[in-house]
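# Descriptive analysis of the structure
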Amino acid sequence: EERLMVEIASSAARKVFSASEKLDRMKMAAGLFYMIPGPKMIWQFGELGFDISINSNGRTGTKPTYWNYLEDKERIKLLGVYQHFNNLRLNKSIFHTTDFKLSTGSEIKQINLNEGATQAILIANTSPENQSTIFTFPSKGKWYDYFSGQSFDVSTSTVPLNLISGEFHLFVNEAWNTKNLNLVPWNLPNFQVLGTKIENLGSMNVFPNPAQNNISVSWEAGDYQEVDFSIFDQQGRIILSKKLHQIPNSTNELRFSKTNTFLNTGMYFIRVGNSVQKLVVE
């Protein structure tokens, strides 16, 4: 937990944020903090965004008490995020599970909690810049975005996901909340499985796979004359993104080589429309 907070602080130091952006990043940090099972200790007025250095008046010296924070609407929203995570930890036993997974090696961090059929996932963009990644839902079906209160159906488990700097989401496969809490400045995330304008493909194939140089991607097009095509690396970074012309309601094919797309040895994700396939490059 301490390492995560240091990483977030170091990332934030690379860019100048507005006061509201700083508070939104504190909400994200709170989410990461509370999702990890175990006891918690909060710094003085931390739930309101206390912004006085620990070294003020000496590291263990008395710090000022800023009750005026309670008059700041944006700080109250941060407090609301703390309150909701505290209530979840009190009322949802999954927050004390021993079956959890941390994926924190990149600037987009993810924490998965599992307890029987219940699943909860927090994903957060700790980068000072907007980021794209490949996100995998552990199961298909109906999911809920806790802070927006909205539900959505997952039919394709692996999807590209775009997050603005500081954006985070708590996804759960149970209806813990069904109304917008108005605590974060975003609603549902920008990922194509929720979109209605993304081409809904039939079958898609990537071959050969693994590939040594030349690669072919074929797909069954729907009704559109254009389709979105992207290549992501394992960290979710976009290697290539463009629109392709296609023949509607027909089999289409794209051929490229690893050299002209600057692909090194490793694993990638190919997206055409709303379909995603893994590609291994040797």
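Residues numbered from 1 in each chain as written. Predicted model: local features only at pLDDT ≥ 70, side-chain atom pairs only at ≥ 80, totals over all residues. Heavy atoms only, no water.

It is worth spelling out the overall build of the protein at this point. Helices and strands together make up the secondary structure of the protein, namely 3 helices and 16 strands. Looking at the protein as a whole, 47% of its 282 residues are labelled buried. When the accessible surface of the protein is totalled, it reaches about 14400 Å², and 49% of it is carbon and sulfur. (Helix = DSSP H or I, 4+ residues; strand = E, 2+ residues; numbered from the N terminus. Buried < 20%, exposed > 50% of the residue type's maximum accessible area, 1.4 Å probe, protein only. Areas by Shrake-Rupley, 256 points an atom, 1.4 Å probe, with all protein chains shown as cover.)

Taken in spatial order, the 3 strands of this open sheet run β10-β11-β14, and their pairing is antiparallel. Sheet topology places β10 (204–207) and β14 (251–257) at the edges, where each strand pairs with a single neighbour. This sheet shows a mean twist of 15° between the axes of neighbouring strands, independent of strand direction. Bridge analysis of β10 against strand β11 (residues 214–220) gives 4 bridges, and the strand direction is antiparallel. Bridged to F207 within β11 is S216. (Pairing = 2+ DSSP bridges. Axes fitted to C-alpha atoms, helices over the stretch in contact; angles between N-to-C directions.)

As a further point, take the packing of aromatic side chains. How two aromatic rings sit relative to each other is set out by the distance from centre to centre and by the angle between their planes. Per the counting criterion, the structure on display carries 21 aromatic pairs. Geometrically, the ring pair formed by F137 and F171 is tilted, given 5.6 Å between the ring centres and 45° between the ring planes. Pair noted here: F137 is in the loop between β4 (131–136) and β5 (141–145) and F171 is in strand β8 (residues 168–172), with a separation of 34 residues, a long-range link. Ring-pair connections join several aromatic residues into one group, and the members of that group are F33, Y34, Y82, F85, Y146, F147, F168 and W186. Against the face of F33 rests K40, its NZ or CZ located 5.0 Å from the ring centre. One Lys or Arg, R75, reaches over the ring of Y69 and ends 3.8 Å from the middle of that ring. (Phe/Tyr/Trp six-rings, centres within 6.5 Å; stacked < 30°, edge-to-face > 60°. Lys NZ or Arg CZ within 6 Å of the ring centre and 35° of its normal.)

Together, W67, L70 and I76 make up an exposed nonpolar region whose accessible area comes to about 320 Å². Of note, L70 is situated in the loop between α2 (19–35) and α3 (73–91). When its relative accessible area of 44% is taken as the criterion, L70 is described as partly exposed. (Patch = residues over 30% accessible without salt bridge, like charges linked within 9 Å, V, L, I, M, F, W, Y side chains within 5 Å. Salt bridge = Lys/Arg side-chain N within 4 Å of Asp/Glu carboxyl O.)

This brings us to the packing of α2 against α3. One way to put it is that α2 packs onto α3 with a least axis distance of 9 Å and a crossing angle of 10°. Comparing the axis directions of α2 and α3 gives the class roughly parallel. Of the residues in α3, those in contact with L23, M26, K27, A30, G31, Y34 and M35 of α2 are E74, R75, K77, L78, V81, Y82, F85, N86 and R89. Of the residues belonging to the contact of α2 with α3, the class tally is 9 nonpolar, 2 polar and 5 charged. (Parallel < 35°, antiparallel > 145°, perpendicular 65-115°, else oblique. Contact = heavy atoms within 4.5 Å. Nonpolar A, V, L, I, M, F, W, Y, C, P; charged D, E, K, R; others polar.)

Once that is clear, we can look at the sheet that holds β8. Reading across from one edge, β1-β2-β3-β8-β5-β6 is the order of the 6 strands in this open sheet, with antiparallel pairing throughout. The open sheet is flanked by β1 (100–103) and β6 (150–154), the only strands paired with a single partner. Taking the axes of each pair of neighbouring strands and ignoring which way they run, one obtains an average angle of 20° across the sheet. Relative to β8, strand β3 (residues 118–125) runs antiparallel, the two sharing 5 bridges. Its bridge partner being in β8, I123 is matched across the sheet by H169.

Within this structure, the stated rule accounts for 7 salt bridges. Two residues, D72 and R75, come together in a salt bridge whose shortest N-O distance is 3.6 Å. Given the relative accessible area of 11%, R75 is considered buried. The residue R255 makes a salt bridge to E253 at a minimum N-O spacing of 3.1 Å. Residue E253 is classed as partly exposed on the basis of its relative accessible area, which comes to 42%. Salt bridges sharing partners connect three or more residues here, namely D51, D72 and R75.

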